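Geometric and topological summary
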Amino acid sequence: MAILIAVLSGALGALIALLLTRHLGASALIAIGAAGATFLGVTGTVRYIEEKLNLL
């Protein structure tokens, strides 16, 4: 369950990053790259927090 929360948080962050970069006028390739980097960053951060809280 904790891994699912991390992945869903990462997906939400990636969607927000994609929409924000497209809104600001970035090309599609740059927006997808920003979304991918955001997904990895948010997912890793949430997993780290869950480990520190002994949820994993």
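As the structure is a prediction and not an experimental result, all values here were calculated from the model.

**Points about the pattern of salt bridges**
A side chain of one charge can pair with a side chain of the opposite charge if their charged atoms are brought near each other. For the structure on display, the rule yields 1 salt bridge. The partner of Glu51 in a salt bridge is Arg47, with the nearest N and O atoms 3.2 Å apart. You can see Glu51 and its partner Arg47 sitting in helix H2 (residues 28–52), 4 residues apart, about one turn around the helix. The class for Arg47 is partly exposed, based on a relative accessible area of 37%.

**Section: the side chain of Thr21**
Considering the arrangement of structural elements, one finds Thr21 in helix H1 (residues 2–23). A polar side-chain atom of Thr21 sits 2.8 Å from the main-chain carbonyl oxygen of Ala17. In contact with Thr21, other than residues within four places in its own chain, are Ala26, Ala31 and Ala34.

**Quick word on a nonpolar patch on the surface**
Together, Met1, Leu4, Ile5 and Leu8 make up a nonpolar patch on the protein surface, roughly 450 Å² of accessible area in all. Residue class for Met1 comes out exposed when judged on its relative accessible area of 75%.

Rules and cut-offs
Residues numbered from 1 in each chain as written. Predicted model: local features only at pLDDT ≥ 70, side-chain atom pairs only at ≥ 80, totals over all residues. Heavy atoms only, no water. Salt bridge = Lys/Arg side-chain N within 4 Å of Asp/Glu carboxyl O. Helix = DSSP H or I, 4+ residues; strand = E, 2+ residues; numbered from the N terminus. Buried < 20%, exposed > 50% of the residue type's maximum accessible area, 1.4 Å probe, protein only. Polar contact = N/O pair within 3.5 Å; in protein donor to acceptor, adjacent residues only side chain to side chain. Contact = heavy atoms within 4.5 Å. Patch = residues over 30% accessible without salt bridge, like charges linked within 9 Å, V, L, I, M, F, W, Y side chains within 5 Å. Areas by Shrake-Rupley, 256 points an atom, 1.4 Å probe, with all protein chains shown as cover.

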